[in-house]
Amino acid sequence: DDDDDGGDDDGDGDDESSDGGPDDDDDGDGDDDDGDGDDDGDGGDDDDNSDDAGKGRAKKGRASPGKEGRLAELPIPATGVAVLAGNTGEVLFCLWPGGDEAVTSADEKVSTWSLHQVIAPQCCAPRFPRQEAGCRRRVHPDGAPATTDADCLFGTSSGVDTQSALQPITYGKAAAMCMSKGLVICEQSCSMTGCFYNLHPVYSNVPCPLAESPSPPPPPPLPPIPPTGVAVLAGNSPDGSNVLFCLWPGDEEVTSAAGRISEEAWADHLPIATQCCANTGPSPSSDACRREVTSPSAWISVASSAPTDTCVSGMSTVPPTPPTDGFKPMTYGAAVATCAGLGLELCDQSCAGTGCMYNYHPLYSALPCPPAT
């Protein structure tokens, strides 16, 4: 039954459904078939303690306390495994080797499953992994099928209106637990077979029918500082001629003027700001400046009331307050890549007076380091 109460559905006092008799031997005759007082047909008793043979049978295959916790996890197959809806068998998502070994919950993978999120494990008889007769949500210690929720191998869950008590477990640990009972992970959802797992996603050994999401390509390497060096300009220089210092190959991790300039005027705004320019030809023009930008075709002029998150390096603040958390220091390579991503380039001028409070910062430029004078 799927009422998860462990009771019988035919009123005969046993746990079988519609067998028409009070016994559990499935033949409906009400006797024990061999006259020994039990129903297993072996000529002996079933109390597990009346003789040595019975004791041996009871102990065989029974996991010792804590044994499951020491089981080695099994790997996710190269074909991936489908995680199914416990109520319908629909493929919700897949687990793949090399990245999903620690996944235990649907909310780590999809947002479309609205019931209990913990992925429920369940086992099947190895001869019938796809047939309902093979389902083993409820299992005796020796791996034989059971009929009450007290025997749910991985614990009992709960109704949809209460928080599930099911403990998270990975695919690898669930597969190892099934194997320790002589069982396997199922190739079906085993819907309506108890333990409230209909309300959960369930692990399966069904190869993933979905295409694996390709890994994103690695980002291209950041541009290095050229051998001629790059000039870092004063953000308030009217004509861009005020070079504060230079960066040279080997300075690729530098983001601040700290230790490179001594002017007290820059003490509160040492991080180097990034600004971009449109390519307008050989002569610098303030029309090319893009301190605030959303795209090359939607640049924001200093006269506009633009939101602060459109500033290329984030909005700074006026002295003497240090830059706010919205300011984003970058390396030279990151600055070049940021401008290129907007279809722009580093400027060959200071762009003084064009917004974002960058007049108070040193600025990256596209200018080579000038000869020492």
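Residues numbered from 1 in each chain as written. Predicted model: local features only at pLDDT ≥ 70, side-chain atom pairs only at ≥ 80, totals over all residues. Heavy atoms only, no water.

Caption draft 1: How the structure looks around the overall build of the protein. What the protein contains, in helices and strands, is three helices and 14 strands. Burial analysis of the protein (373 residues in total) assigns 41% to the buried set. (Helix = DSSP H or I, 4+ residues; strand = E, 2+ residues; numbered from the N terminus. Buried < 20%, exposed > 50% of the residue type's maximum accessible area, 1.4 Å probe, protein only.)

Caption draft 2: Spotlight on the sheet that holds strand β1 (residues 81-85). Taking strand neighbours across the sheet as the criterion, the three strands line up as β2-β1-β6 in an open arrangement whose pairing is antiparallel. Of all strands in the sheet, those with a lone pairing partner are β2 (91-95) and β6 (201-207), marking the two edges. The average angle at which neighbouring strand axes cross in this sheet is 35°, direction not considered. Summarising the sheet, β1 and β2 pair through four bridges and their orientation is antiparallel. Along β2, the bridge assignment pairs Val81 with Leu95. Packing against the sheet, helix α2 (residues 171-180) makes contact with β1, β2 and β6, and its axis sits at approximately 80° to β6. (Pairing = 2+ DSSP bridges. Axes fitted to C-alpha atoms, helices over the stretch in contact; angles between N-to-C directions. Contact = heavy atoms within 4.5 Å.)

Caption draft 3: Looking closely at the sheet that holds strand β9 (residues 276-277). Taken together, the three strands give an open sheet; going across it, the order is β10-β9-β13, and neighbouring strands pair in antiparallel fashion. The strands lining the two open edges of the sheet, one partner per strand, are β10 (289-290) and β13 (345-346). Here two bridges tie β9 to β10, and the two strands are oriented antiparallel to one another. Its bridge partner being in β10, Cys276 is matched across the sheet by Arg290.

Caption draft 4: Representation of helix α3 (residues 332-341). Those residues of α3 that sit buried are Tyr332, Gly333, Ala334, Ala335 and Cys339. Buried-residue contacts for α3 involve β7 (230-234), β8 (243-247), β9 and β13. Taken from the residues just after α3, Gly343 is the one with a positive phi, measuring 75°.

Caption draft 5: Structural context of the nonpolar core. One finds Phe93, Leu95, Phe154, Tyr171, Ile185, Tyr197 and Tyr203 to be the most contacted residues of the largest nonpolar core, which totals 34 residues. Elements represented by at least two residues in this core include exactly β1, β2, α2 and β6. Look past the residues within four positions of Phe93 in its chain and what remains in contact with it is Val81, Ala82, Val83, Ala106, Lys109, Val110, Ile119 and Leu210. Ala234, Ile272, Tyr332 and Tyr364 belong to the second largest nonpolar core, which has 23 residues in total. (Core = buried A, V, L, I, M, F, W, Y, C linked by side-chain atoms within 4.5 Å.)

Caption draft 6: A look at the state of the cysteines. All told, the structure shown has 10 disulfides when counted by the stated rule. Here Cys123 engages in a disulfide with Cys178; their sulfurs sit 2.0 Å apart. Disulfide Cys123-Cys178: torsion about the S-S bond near -85°, hence left-handed. Pair noted here: Cys123 is in strand β3 (residues 123-124) and Cys178 is in helix α2, with a separation of 55 residues, a long-range link. Take Cys123 and Cys178: they sit in the same class, and that class is buried. (Disulfide = S-S within 2.5 Å.)

Caption draft 7: Here's a closer look at the environment of Ala106. Relative to the elements of secondary structure, Ala106 occurs in the loop between β2 and β3. Note: C-alpha distance between Ala106 and His200 (94 residues apart in sequence) is 8.9 Å.

Caption draft 8: Seen up close, a nonpolar patch on the surface. Residues Val318, Met357 and Tyr360 make up a contiguous nonpolar surface patch of roughly 230 Å² in combined accessible area. Looking at the secondary structure, you find Val318 in the loop between β12 (299-300) and α3. (Patch = residues over 30% accessible without salt bridge, like charges linked within 9 Å, V, L, I, M, F, W, Y side chains within 5 Å. Areas by Shrake-Rupley, 256 points an atom, 1.4 Å probe, with all protein chains shown as cover. Salt bridge = Lys/Arg side-chain N within 4 Å of Asp/Glu carboxyl O.)

Caption draft 9: Inspection of the packing of aromatic side chains at higher detail. Per the counting criterion, the structure on display carries three aromatic pairs. Both rings, one in Tyr332 and one in Tyr364, keep their centres 6.3 Å apart while their planes meet at 65°; by these two values the pair is edge-to-face. Remark: Tyr364 occurs in the segment after β14 (362-363) and Tyr332 occurs in helix α3; sequence separation between them is 32 residues. Taking the relative accessible area as the measure of exposure, Tyr332 reaches 10% and is therefore buried. For Tyr364, a relative accessible area of 0% corresponds to the buried category. (Phe/Tyr/Trp six-rings, centres within 6.5 Å; stacked < 30°, edge-to-face > 60°.)

Caption draft 10: Just unusual backbone geometry, in detail. In this model, Cys351 sits at a positive phi of 55°, which is unusual for a non-glycine residue. Overall, Cys351 belongs to the buried group, its relative accessible area being 4%.

Remember that the coordinates give geometry; whether it matters functionally is a separate question.
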